[in-house]
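For reference, the chains in residue letters:
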Amino acid sequence: MLSTSPCNIRTIGVLGGGQLGRMMALEARRAGFKVVVLTDEPPGSPAAQFADATIHSGYSDPAALRSFLDQVDVVTAEFENLPDSLLQAVEAERPLRPGRKALFTAQHREREKMFLREQGIACAEFRVIEDLAGLEAAVAEIGRPCVVKTAAFGYDGKGQAKIVEDTSLPETWAAFEGQRAVVEQWVSFVCEVSVVGARDVQGHMAVHGCIENEHAHHILDVSIAPARVDPAVTSRAIELWEAVAVGLDYVGTMAVEMFVTAAGEVIVNEIAPRPHNSGHHTIDGCMTNQFQQQFRAVAGLPLGDPSLHSPIVMVNLLGDVWRDETTPPDWTPIWSHPRAKLHLYGKATARAKRKMGHFTVIGDTVEEALADARAIQSQLR
Ligand code: AMP
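Residues numbered from 1 in each chain as written. Predicted model: local features only at pLDDT ≥ 70, side-chain atom pairs only at ≥ 80, totals over all residues. Heavy atoms only, no water.

1. Points about the overall build of the protein
Helix and strand content of the protein: 12 helices and 16 strands. Compactness check: the protein gives a C-alpha radius of gyration of 21 Å against a globular reference of 21 Å for 381 residues, within 12% of the reference. Taken over 381 residues, the protein has a buried fraction of 56%. At a minimum sequence separation of 6, the contacts of the protein that also span at least 24 residues come to 62%. In the structure as shown, the protein presents an accessible area of about 15,500 Å², 51% of it carried by carbon and sulfur atoms. Computed over 35 positive and 48 negative side-chain charges, the inter-centroid distance for the protein is 4 Å. (Helix = DSSP H or I, 4+ residues; strand = E, 2+ residues; numbered from the N terminus. Rg over C-alpha atoms; globule rule 2.2 N^0.38 Å. Buried < 20%, exposed > 50% of the residue type's maximum accessible area, 1.4 Å probe, protein only. Contact = heavy atoms within 4.5 Å. Areas by Shrake-Rupley, 256 points an atom, 1.4 Å probe, with all protein chains shown as cover. Lys, Arg positive; Asp, Glu negative; His and termini not counted. Charge placed at Lys NZ, Arg CZ, Asp CG, Glu CD.)

2. Some points on empty space enclosed by the protein
Evaluated as defined, the whole model comprises 1 cavity of 30 Å³ or more. Approximately 40 Å³ is the volume attributed to the largest cavity. Lining the largest cavity, in full, are Val14, Leu20, Gly21, Met24, Thr76, Ala77, Glu78, Pro275 and Gln294. Counting residues per element, the ones that place at least two in the lining of the largest cavity are helix H1 (19-30) and strand S4 (74-77). In terms of residue count, the dominant contributor to the lining of the largest cavity is H1 (3 residues). (1 Å grid on protein atoms, 1.4 Å probe; cavity = no way out; pocket = protein on both sides within 12 Å on 5 of 7 lines; lining within 4 Å. Points joined across faces, edges and corners; volume = space filled by probe spheres on them.)

3. What to know about the site of the ligand
As a matter of local geometry, the ligand sits amid 17 residues, with Lys149, Gln160, Glu184, Val187 and Glu192 nearest to it. At 3.1 Å, a side-chain N or O of Arg109 approaches an oxygen atom of the ligand. Within the side chain of Lys149, an N or O atom sits 2.8 Å from a nitrogen atom of the ligand. Coverage of the ligand by the protein amounts to 95% of the 470 Å² it exposes when considered alone. When residues of the shell around the ligand are traced back to their parent elements, those giving at least two are strand S6 (146-150), strand S8 (181-185), strand S9 (189-199) and strand S13 (266-272). For the shell around the ligand, the residue count by class is 5 nonpolar, 6 polar and 6 charged. When we break the shell around the ligand down by domain, the ones giving at least three residues each are domain 2 (125-185) and domain 3 (189-380). (Near = heavy atom within 4 Å. Polar contact = N/O pair within 3.5 Å; in protein donor to acceptor, adjacent residues only side chain to side chain. Nonpolar A, V, L, I, M, F, W, Y, C, P; charged D, E, K, R; others polar. Domains from an automatic or database assignment.)

4. Notes on the domain arrangement of the protein
Interface size is commonly expressed as the accessible area that is lost once the parts come together. As assigned here, the protein comprises domain 1 (6-96), domain 2 (125-185) and domain 3 (189-380). With 21 residues of domain 1 at the interface, the matching set in domain 3 holds 20 residues. Counting the surface lost from both domain 1 and domain 3, the interface buries some 1,800 Å², and carbon and sulfur atoms represent 66% of this. Between domain 1 and domain 3 we count 1 salt bridge in total. Across the pair Arg274 and Glu80 runs a salt bridge whose closest N-O atoms are separated by 2.6 Å. Taken together, the connections running from domain 1 to domain 3 amount to 8 residue pairs in polar contact (both at pLDDT 80 or more). For the side of domain 1 that touches domain 3, the elements supplying multiple residues, two or more each, are H1 and S4. (Buried area = accessible area lost by both parts, 1.4 Å probe. Salt bridge = Lys/Arg side-chain N within 4 Å of Asp/Glu carboxyl O.)

5. Topic: the packing of aromatic side chains
Counting across every chain of the model gives 5 aromatic pairs. Ring centres of Tyr59 and Phe79 lie 6.0 Å apart, and the angle between their planes is 50°; on these two criteria the pair is classed as tilted. Of the two residues, Tyr59 is situated in the loop between strand S3 (53-56) and helix H2 (62-71) and Phe79 in the loop between S4 and helix H3 (84-93); the sequence distance between them amounts to 20 residues. Taking the relative accessible area as the measure of exposure, Tyr59 reaches 10% and is therefore buried. Here the aromatic rings of Trp173 and Phe176 are separated by 6.1 Å at their centres, their planes lie at 10°, and the arrangement is stacked. (Phe/Tyr/Trp six-rings, centres within 6.5 Å; stacked < 30°, edge-to-face > 60°.)

6. With respect to the side chain of Glu27
The residue Glu27 is located in helix H1 in this model. Taking the relative accessible area as the measure of exposure, Glu27 reaches 9% and is therefore buried. A distance of 3.0 Å separates polar atoms of two side chains, one belonging to Glu27 and the other to Asn289. Polar side-chain contacts of Glu27 include one of 3.1 Å to the side chain of Gln292. If sequence neighbours within four positions are ignored, Glu27 has contacts with Asn289, Phe291, Gln292 and Phe295.

7. Quick notes on H3
The complete set of buried residues in H3 reads Asp84, Leu86, Leu87 and Val90. Each buried residue of H3 sits inside an arc of 155° when the element is viewed along its axis, so together they form one side. Facing away from the buried side of H3 by over 90 degrees, the exposed positions are Ser85 and Ala92. Contacts made by the buried residues of H3 are with strand S1 (11-15), H2, S4 and helix H4 (100-106). (Arc of directions from axis to C-beta.)

Right under this line is the structure:
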């Protein structure tokens, strides 16, 4: 990996034009960095709205990449589904943080699972399959219920099918035909948690603690910090996060999503090699937020204090609550709560399930923050 002294880093290049790039650009520019975005999204993307410059192009256009690299001192990614040829080309010329190893591993479920298995990090039992015979053998070994997930490019429950007692395997496989897939044991969890934290160039790590996550229709709905779990679960979750970060030689902000079982076991579900939706509460609830940590790590600077200063709840705002494609709901329930904050991502059109923004509510206790957040959420609907 190329290295650059922190004092020579003035411009941060961001691969991707989404809301994670937007929120990092806001933080980085506040601290005087320039931000240049390379994205295949049309002009006006969430990140482009706050970047100093944006290059609009596919990710495999050499001229666009040349222009991007010429403008930046260091490169990070705000989403991981990027072509490996791009990651290699970037890493050959500029420090890429996190590096190709982390992005290449976490962008692909099979590689991610194999990494976890090789590192001895607890994850659900799995088999990699490529045809119906493989699916039948895997389901026979793992047992039902289980879940089939595409090996590549799945997120928010996309490319997944649960297999229960009466599920027909040939019918299930028809949707996956031609793709490699992972068959995973179904974990009967009592709750889902994540750990979001950062690792700097020297290997120092700073985590924001353990976050409790509730999903609706496979998409994150609510994050609660701190998680209402036993301290032993929090410690174990942080240990797992650290093992992943070290194993991937990670630099930057990373989230690890996990399941907690009734016995208090903690099992890794997924690695997100970037700031994460379940870390959005850190903007309003932590001494140093996940986006500030990301640009600090990427620029070779020391990390800030990640600690949570208040119990806080974050609620996602999906396009589903918009009145129509372009009309948001009336935000009065948020504005009239003195400890609630609204964050919108600047997306021109709303669609069902599209992440349009989020809001947070601080409380004296988690219970108070959660009750107020739920009340606001139901008024917005
Ligand atoms: P994923 O896209 O893999 O993060 O899955 C989305 C959601 O599906 C998770 O947050 C869980 O709620 C559920 N899920 C995924 N895999 C499993 C599993 N092996 N056992 C139980 N629930 C799962």
